[in-house]
Amino acid sequence: MKTLLFSLLTLGMFLLACSNDDDPVSTISPTDVRNTLGTGTWRITYYWDSDHEETSNFTGYTFTFGAANVVTATKTGSTATGTWSTRTDDSRVKLDLLFATPADFAEISDDWHVTERTATRIKLQDVSGGSGGTDLLTFEKN
């Protein structure tokens, strides 16, 4: 009887450990994202705007996520300045970007869900409320 009970308990624990959760608990924190972006310079390596790629709009720009929540994008002869912050909303880590100009940068002004964070890459996603389109944005460290 003890052997049967032990076997059932072991099987139950195995099944629980192997369960497939469609919404895994994120180990990313706003502090992790802030600390990662706050070091070095970054570039946009991918930008998908609802139904088409617009990565080339950001070619040659270098982004610096500085103190006092100021983000600066520089390219020879051009500078765009905005604000950035990280937070948690609905149990998801977000990166807030805000640029007033130029128009290409205003397009990436949004509250982005952080879907991946490594020491050299931050992947972001935004699902539009009105049209339901999905935007994707990836920053990679220079």
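Computed from a predicted model, the values in this text were never measured in an experiment.

(A) Spatial organisation of the overall build of the protein chain. Looking only at helices and strands, the protein chain features three helices and nine strands. Helices (α) and strands (β) of the protein chain occur, in sequence order from the N terminus, as α-α-β-β-β-β-β-β-α-β-β-β. Taken across its 142 residues, the protein chain has 29% of its residues classed as buried. Sequence separation of at least 24 residues holds for 39% of the intrachain contacts in the protein chain that already meet a minimum separation of 6.

(B) Here's a closer look at the pattern of salt bridges. Evaluation of the coordinates by the stated rule reveals eight salt bridges. With its nearest N and O atoms 3.2 Å apart, the salt bridge here joins R121 to E116. Linking E140 and R121 is a salt bridge whose minimum nitrogen-to-oxygen distance equals 3.6 Å. One end of the pair, E140, is in strand β9 (residues 134-141); the other, R121, is in strand β8 (residues 121-127), with 19 residues separating them in the sequence. Using a relative accessible area of 22% as the deciding quantity, one classes E140 as partly exposed. Classification of R121 by relative accessible area gives partly exposed; the value is 28%. Among the ionic contacts, a cluster of salt bridges with common partners joins R87, D89, K94, D96 and D111.

(C) Highlighting the pairing of β9. Summarising the sheet, strand β1 (residues 42-49) and β9 pair through six bridges and their orientation is antiparallel. When the bridges of β9 are listed, W42 appears paired with K141. Two elements, β8 and β9, share seven bridges in a ladder whose sense is antiparallel. Its bridge partner lying in β9, V127 is registered against T134.

(D) Here's a closer look at the nonpolar core. With 26 residues, the main nonpolar core has F63, F65, L97, F105, I108, L137 and F139 as its most contacted residues. A per-element tally of this core places strand β6 (residues 92-99) first, with four residues. Ignoring sequence-local partners within four residues, the contact set of F65 consists of L37, G38, W42, V70, V71, W84, L97 and F139.

(E) Highlighting the packing of aromatic side chains. Going through the model one piece at a time under the given rule, you end up with eight aromatic pairs. Ring centres 5.7 Å apart and planes at 85° place the aromatic pair Y47 and F58 in the edge-to-face group. Of the two residues, Y47 sits in strand β1 while F58 sits in the loop between β2 (52-53) and β3 (62-65), which places them eleven residues apart along the sequence. Ring geometry for Y61 and F105: centres 4.8 Å apart, planes at 80°, overall edge-to-face. Note that Y61 is positioned in the loop between β2 and β3 and F105 in helix α3 (residues 103-107), a separation of 44 residues in sequence. Judged on exposure class, the residue Y61 and its partner F105 are both buried.

(F) Helix α2 (residues 30-37), seen in detail. Burial in α2 covers these residues: P30, V33, T36 and L37. Each buried residue of α2 sits inside an arc of 135° when the element is viewed along its axis, so together they form one side. Check the buried side of α2 and you find it contacts β1, β3, β5 (78-89), β6, β7 (110-117) and β8.

Cut-offs used in this document
Here the residue index of a chain counts from 1 through its sequence in written order. Confidence filtering applies because this is a predicted model: local features only for residues at pLDDT of at least 70, side-chain atom pairs given and counted only at 80 or more, and all residues used for totals across whole chains, interfaces and linings. Side-chain metrics rest on all non-hydrogen atoms present in the structure, leaving aside hydrogens and water. Helix numbers and strand numbers start at the N terminus; a helix is a DSSP run of H or I with at least 4 residues, a strand a run of E with at least 2. For each residue, the accessible area found with a 1.4 Å probe, counting protein chains only, is set against the maximum for its type, and the residue is called buried under 20%, exposed over 50%, and partly exposed in between. It only takes one pair of heavy atoms within 4.5 Å for two residues to be counted as in contact. Counted as salt bridges are all cases of a side-chain nitrogen of Lys or Arg within 4 Å of a carboxyl oxygen of Asp or Glu. At least two bridges found by DSSP between two strands are what make those strands a pair. Think of a nonpolar core as a cluster: buried Ala, Val, Leu, Ile, Met, Phe, Trp, Tyr and Cys residues, connected wherever their side-chain atoms sit within 4.5 Å. Classification of ring pairs uses Phe, Tyr and Trp, with its six-membered ring standing for Trp, and accepts pairs whose centres are within 6.5 Å; under 30 degrees between planes counts as stacked, over 60 as edge-to-face, and the remaining range as tilted. Directions pointing from the helix axis toward each C-beta atom define the arc.

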